[in-house]
Amino acid sequence: MSEKKTKRRDFLFTATYAVGAVGVGATIWPMIDQMNPDASVKALASTEVDVSSVNPGKTITVLWRGKPVFIRRRTQEEIAEAKAVSLKDLKHPEKDEDRAKDPEWLVMLGVCTHLGCVPLDQKGDYNGWFCPCHGSHYDTSGRIRKGPAPTNMEIPEYKFVNSNTIKIG
Amino acid sequence: MSDHEYTPKSKFGKWFNDRLPLLTLASHLTDYPTPKNLNYWWTFGGILTFCLLTQIITGLVLAMHYIAHADMAFDSVEHIMRDVNYGWLIRYIHANGASMFFLAVYIHIFRSLFYGSYKSPREVIWIIGIIIYLLMMAAAFLGYVLPWGQMSFWGATVITNLFSAIPLVGEGIVTWLWGGYSVDNPTLTRFFTLHYLIPFLILGLVVLHIWALHVPGNNNPVGIDIQKPSKDTVPFHPYIVIKDGFALLMFMIVFAFFVFYTPNILGHADNYIEANPLVTPAHIVPEWYLLPFYAILRSVPDKLLGVIAMLSAILILAALPWLDTSKIRSAVFRPLYRQFYWILVADVLILGYVGAMPAEGLYLLIARVATAYYFIHFLVILPILGFKEKTLPVPLSITEPVLGGSPNLAGARIKNKENL
Amino acid sequence: MKNFFKIIILSLIIMCGHMNAYSAEKVEYLKTHWSFKGLFGKFDRASLQRGYQVYTEVCSSCHSMKYLSYRNLAEDGGPEFSIEQAKAIAASFEVKDGPNSDGDMFTRPGKLSDKFVMPYDNVKAAQAANGGAYPPDMSVLVKARGGGVDYIYSLLQGYEEPPVGMKLDDGVYYNKYMYGNKIKMSNQLSDGLVEYGDGTTATVEQMSKDVTTFLMWAAEPHLESRHRMGFKAIIYLIILTVLVYFSMKRIWSGIETKI
């Protein structure tokens, strides 16, 4: 067999393999994507909460995307405490102003950033939250101060629809 | 697995292979000597493996979203069809995949019947195949119940009621199957469990089926044993792999056409109505692949005898290696058997057709004649034919007809062409 | 190989013949052109939007569509209302929600994620309000009827005077295309019954076509992407088949067997 012929054969086989591989990939994708959130789950991405009955110093917990969201109406002392902390002392430096647009209201995902447990309200060394699973302490702004959690508790996207209603998501 | 000598080249390969001879197995499978004269009817083994794997994979995916509860099953199927990413695609592949699976298995079985692949020394392969076929029917029936539509519900009711034909214990068995006094939630959940289990049983049996095949090796269109492996066979890889692959792609084009353009044509409209124990649909019809047996069931006026006739129609196949007394395997050299073979094919198609029709008048008469002929074919014609038939001369080797060197074969080949 | 394909094609035809054997009714349905049929079939958006209007203004007072959500109205391949339009449509319905923190159920305007509001609380209530007949849910109605869209389209226009000698009970009507010719739904459509926003004349025929198109989409919301993907998949398979065919020829070129 001449060299030219061999080359042509190689090309044919390579092309067949390549086209076949594309098909296999295209077939596998739907099997993977089916495990992603489906259309009905995506549609439930926002929830509205009535906060008119929450007094200063109280926290309510609501469910959003299957996870707890803490909505705390903070007292003046808590706000002052949160603002007084120097960014240098923080493991994950974030200003309190950036976390609570309206300082009175702290809306955050009630999920410990360590391994996903729900921290306890008004516990721990920093008057904020304490995660019982592995001992992470959060301050009054939900920032990690002590323990294994790597970052502050997450702030979800939210806005005040009116003075009594918060829309999360 | 035969006398295969294989030593891995690498040191690690040898170390591993001494402990678990996977490489020997792989080498056996790739080098497996396959008759080089296999035609395209032999590609359906590979196609069936593809069908089984497709059903298992899409089934696993569907099971992630399906809810086996009488109140939620229908809703969860609609959820799959509407909301789950590519859910409609996966469900349509699974639903049409069942039909394609049966299409392929029928071709595979009738290939066997034509070329005498069930005969000695391949009886065990054949019987394992029959068991696989029975399990396929069970899986298909159980799966059809899961969407919990009207056909699901009433199909389940009718088929489970077949067991009530058994004298004395029948009613008890039916209640036991249902887990209640009618087809209901307990029935659905157990059907789901079994539907999930059976494909894996089939997979295990397929391994045995192939193992049993690799002992005597493949039959082939002329139906004679391999004389010289070096001359008569080719290694499985790449020769048969590429040929099976080509046939599989043709098959997939047909499959894709059903899935994308007529996904519901093989199903029944009533199954898009949620199960209602108070109303029976006007016509209860099983899926197309069960119609011939449904016709046999209905053609017998007695309940118990009808069930027995239907079961025997399948089980009789297991006795086929002994009912067929001919020494010659391939129908190519059996001019009379060839005629009867095609009559049987027509008979089964007719049974399928009348199975879809109301069991009354002319249809019932045709069903009865066709049922009788089905049994006569296997119980009377085949045993006698083996002794009476004048067969054509068989070539000396597989290579001979390939080269066109056998003068006595030329006539046979022309005749064969006319018939095929 | 020729014989092989001949037989395959023949058996496929027989198989499909089987299917038609028991789905075909003896009545000839009315014919019309459906834009969603065929290899590249797509829905007529304007018709879907009009169909939705007919459904809401006429059918929805009795027929539920429990598998559809308002968000579907804005999704690709459907009526494709804008998100704002879909939100407005959803908000025009009162949805029962709850319980609230006091344990009471309450109503609020609908959201995109809500399912279509049902006309009755349950099947029994629906039956009680309709003389014992349950108006079937319309989500998959097209797929649940043997004749599909042609059947629904014909049925809506199939009301006639009963033949002489046929006695109909109260609340039962004669319909040419209904199985058994007796239907418990009275004729719902009359010319000019709805006023289409796009100026299309609302004849009975037009409304039947629009609402049937809408029902087809409701039953097969992914029809368009199915057709698109199917075309690509089959073209792909043909290309790969050709490549594999020539590869096979090459590989077998050293063997004297015909392939």
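Note that the coordinates shown come from a computational prediction; the quantities given were computed from them, not determined experimentally.

The rules behind these values
Residues numbered from 1 in each chain as written. Chains lettered and ligands numbered in written order. Predicted model: local features only at pLDDT ≥ 70, side-chain atom pairs only at ≥ 80, totals over all residues. Heavy atoms only, no water. Helix = DSSP H or I, 4+ residues; strand = E, 2+ residues; numbered from the N terminus. Buried < 20%, exposed > 50% of the residue type's maximum accessible area, 1.4 Å probe, protein only. Contact = heavy atoms within 4.5 Å. Areas by Shrake-Rupley, 256 points an atom, 1.4 Å probe, with all protein chains shown as cover. Lys, Arg positive; Asp, Glu negative; His and termini not counted. Charge placed at Lys NZ, Arg CZ, Asp CG, Glu CD. Buried area = accessible area lost by both parts, 1.4 Å probe. Salt bridge = Lys/Arg side-chain N within 4 Å of Asp/Glu carboxyl O. Polar contact = N/O pair within 3.5 Å; in protein donor to acceptor, adjacent residues only side chain to side chain. Expected span 1.5 Å × (residues − 1). Nonpolar A, V, L, I, M, F, W, Y, C, P; charged D, E, K, R; others polar. Axes fitted to C-alpha atoms, helices over the stretch in contact; angles between N-to-C directions. Left-handed = near helix turned anticlockwise from the far one by under 90°. Phe/Tyr/Trp six-rings, centres within 6.5 Å; stacked < 30°, edge-to-face > 60°. Lys NZ or Arg CZ within 6 Å of the ring centre and 35° of its normal. Disulfide = S-S within 2.5 Å. Core = buried A, V, L, I, M, F, W, Y, C linked by side-chain atoms within 4.5 Å. Parallel < 35°, antiparallel > 145°, perpendicular 65-115°, else oblique. Pairing = 2+ DSSP bridges.

Peer 1: Give me the overall build of chain C: which residues, what numbers.
Peer 2: Regarding its fold elements, chain C presents seven helices and four strands. Helices and strands in chain C line up, N terminus first, as α-α-α-β-β-α-α-β-β-α-α. In chain C, which comprises 259 residues, the share counted as buried stands at 44%. Taking the contacts inside chain C whose residues are at least 6 apart along the sequence as the reference set, 60% of them involve residues at least 24 apart.

Peer 1: Tell me about the overall build of chain B, and name the residues and values.
Peer 2: Of the regular secondary structure elements, chain B holds 18 helices and two strands. Viewed in the frame of its principal axes, chain B has a C-alpha envelope of about 70 × 60 × 45 Å. Taking all 420 residues of chain B together, the buried fraction comes to 56%. For chain B, the proportion of contacts with a sequence separation of at least 24, taken over those separated by at least 6, is 79%. Of the roughly 18,500 Å² of accessible surface on chain B, a fraction of 71% belongs to carbon and sulfur atoms. Here chain B carries 26 positive and 24 negative side-chain charges, and the mean point of each set is 13 Å from the other.

Peer 1: Give a description of the interface of chain C and chain B that names residues and reports values.
Peer 2: With 55 residues of chain C at the interface, the matching set in chain B holds 63 residues. Buried surface at the junction of chain C and chain B, both sides included, amounts to about 5,300 Å², of which 75% is carbon and sulfur. Taken together, the links from chain C to chain B amount to two salt bridges. Close ionic contact of K66 of chain C with E274 of chain B constitutes a salt bridge, the shortest N to O distance being 3.5 Å. Taken together, the links from chain C to chain B amount to 13 residue pairs in polar contact (both at pLDDT 80 or more). Among the elements that take part in the side of chain C that touches chain B, helix α7 (residues 223-252) of chain C stands out by supplying 18 residues, more than any other.

Peer 1: Can you explain helix α7 (residues 150-161) of chain B? Please cite residues and give values.
Peer 2: An α-helix turns once every 3.6 residues. As a result, residues three or four positions apart point the same way. Residues and elements named next belong to chain B. Taking 1.5 Å of rise per residue, twelve residues should cover 16 Å, and α7 covers 16 Å from first to last C-alpha, within 8% of that figure. Across the twelve residues of α7, nine count as buried, placing the element largely inside the fold. Taken together, the buried positions of α7 are occupied by Q150, M151, S152, F153, W154, G155, A156, T157 and T160.

Peer 1: With reference to specific residues and values, describe the interface of chain A and chain C.
Peer 2: Every contact between the two is made by 14 residues of chain A and, on the other side, ten residues of chain C. Both faces combined, the contact of chain A with chain C buries some 1,100 Å², and carbon together with sulfur accounts for 71% of it. When the buried surface of chain A facing chain C is broken down by residue, L12, T16 and V19 of chain A rank first, second and third, together holding 41% of it. One can count zero salt bridges joining chain A with chain C. Our count for the contact surface shared by chain A and chain C stands at four residue pairs in polar contact (both at pLDDT 80 or more). Counting residues per element, the ones that place at least two in the side of chain A that touches chain C are α1 (3-33) and α2 (39-43) of chain A. Tallying contributions element by element places α1 of chain A first for the side of chain A that touches chain C, with ten residues. For the side of chain A that touches chain C, the residue count by class is eight nonpolar, four polar and two charged.

Peer 1: A description of the packing of α7 of chain B against helix α8 (residues 170-178) of chain B should follow, citing residues and the corresponding values.
Peer 2: Residue and element names in this part refer to chain B. Packing of α7 against α8 leaves a shortest axis separation of 10 Å and a crossing angle of 145°. In the packing of α7 onto α8, the handedness of the crossing is right-handed. Touching T157, T160 and N161 of α7 are V174, L177 and W178, all from α8. Its residues assigned to classes, the contact of α7 with α8 shows three nonpolar, three polar and no charged.

Peer 1: Could you give an account of the packing of aromatic side chains, with specific residues and numbers?
Peer 2: A full pass over the atoms with the stated rule returns 51 aromatic pairs over all chains. A ring pair is formed by F192 of chain B and Y196 of chain B, whose centres lie 6.1 Å apart and whose planes are at 85°; its orientation type is edge-to-face. Here F192 of chain B and its partner Y196 of chain B are both found in helix α9 (residues 185-214), four residues apart, which amounts to about one turn of the helix. With a relative accessible area of 36%, Y196 of chain B lands in the partly exposed category. Ring geometry for F36 of chain C versus F43 of chain C: centroids 5.3 Å apart, planes at 45°, classification tilted. For the pair formed by F36 of chain C and F43 of chain C, the shared burial category is buried. Here the aromatic cluster, defined as three or more aromatic residues joined through ring pairs, consists of Y52, Y55, Y70, F81, F93, F116, F214 and W217 of chain C. Between the NZ or CZ atom of K243 of chain B and the centre of the ring of W252 of chain C, over which it lies, the distance is 5.5 Å. The ring centre of Y196 of chain C lies 5.6 Å from the NZ or CZ of R50 of chain C, which sits over that ring.

Peer 1: Kindly report on the state of the cysteines, identifying the contributing residues and their values.
Peer 2: Inspection of every chain in the model, using the stated rule, returns one disulfide over all chains. Put simply, C117 of chain A and C133 of chain A are joined by a disulfide, and their sulfur atoms are 2.0 Å apart. Of note, the bridge from C117 of chain A to C133 of chain A carries an S-S torsion of about -100° and is left-handed in sense. Residue C117 of chain A is found in the loop between β4 (105-109) and β5 (120-121), and its partner C133 of chain A is found in the loop between β6 (129-131) and β7 (136-138); the two are separated by 16 residues along the sequence. Here C131 of chain A is not disulfide-linked; the sulfur of C112 of chain A is the nearest cysteine sulfur, at 3.8 Å. Its sulfur unpaired, C59 of chain C is 9.2 Å from the next cysteine sulfur, which belongs to C62 of chain C. Since its relative accessible area comes to 14%, C59 of chain C is described here as buried.

Peer 1: How would you sum up the pattern of salt bridges? Please name residues and give values.
Peer 2: All names here are of chain C. Taken as a whole and assessed by the stated rule, the structure comprises 27 salt bridges over all chains. Note that D210 is salt-bridged to R50, the shortest N-O span being 2.8 Å. With D210 in helix α6 (residues 204-219) and R50 in helix α2 (residues 45-57), this pair connects stretches of sequence that are 160 residues apart. In terms of burial, D210 and R50 fall into one category: buried. A salt bridge links E75 to R71; the nearest nitrogen and oxygen atoms lie 3.2 Å apart.

Peer 1: Which residues make up the environment of H114 of chain A, and what are the values?
Peer 2: Residues and elements named next belong to chain A. When you line up the elements, H114 lands in the loop between β4 and β5. Of the residues examined, H114 reaches a relative accessible area of 27% and is grouped as partly exposed. Along the backbone, H114 and A43 are 71 residues apart, and their C-alpha atoms lie at a distance of 28 Å. The contact partners of H114, leaving out residues within four places of it in the chain, are H134, S136, P148, A149 and P150. Only 3.2 Å separates the side chain of H114 from the side chain of H134, close enough to count as a polar contact.

Peer 1: How would you explain the nonpolar core if you had to name every residue and give the values?
Peer 2: In terms of nonpolar packing, the biggest core is built from 147 residues, with F102, L113 and Y374 of chain B touching the most fellow members. The element best represented in this core is helix α5 (residues 87-115) of chain B, accounting for 19 residues. Once residues within four sequence positions are removed from consideration, L113 of chain B is found in contact with Y118, W126, L320, Y337, Y341 and L344 of chain B. Counting 44 residues, the second largest nonpolar core, distinct from the first, contains L141, Y153, L156 and A202 of chain C.

Peer 1: Now, about the packing of α5 of chain B against α7 of chain C: what can you tell me, with residues and values included?
Peer 2: Their axes nearest at 11 Å, the elements α5 of chain B and α7 of chain C cross at an angle of 65°. Compared by their axis directions, α5 of chain B and α7 of chain C come out roughly perpendicular. Viewed along their axes, α5 of chain B and α7 of chain C form a crossing whose handedness is right-handed. Here α5 of chain B contributes W88, L89 and Y92 of chain B to the contact with α7 of chain C, which in turn contributes S225, R226 and M229 of chain C.

Peer 1: Explain the sheet that holds β4 of chain A to me, using residue names and the numbers behind them.
Peer 2: All names here are of chain A. The three strands are arranged β2-β3-β4 in an open sheet whose pairing can be described as antiparallel. At either margin of the open sheet sits one strand with a lone partner, and together these are β2 (58-64) and β4. Pairs of neighbouring strands in the sheet enclose a mean axial angle of 20°, with direction left out of account. Pairing geometry for β2 and strand β3 (residues 67-73), over seven bridges, is antiparallel. Across the sheet, T61 pairs through a bridge with F70, a residue of β3.

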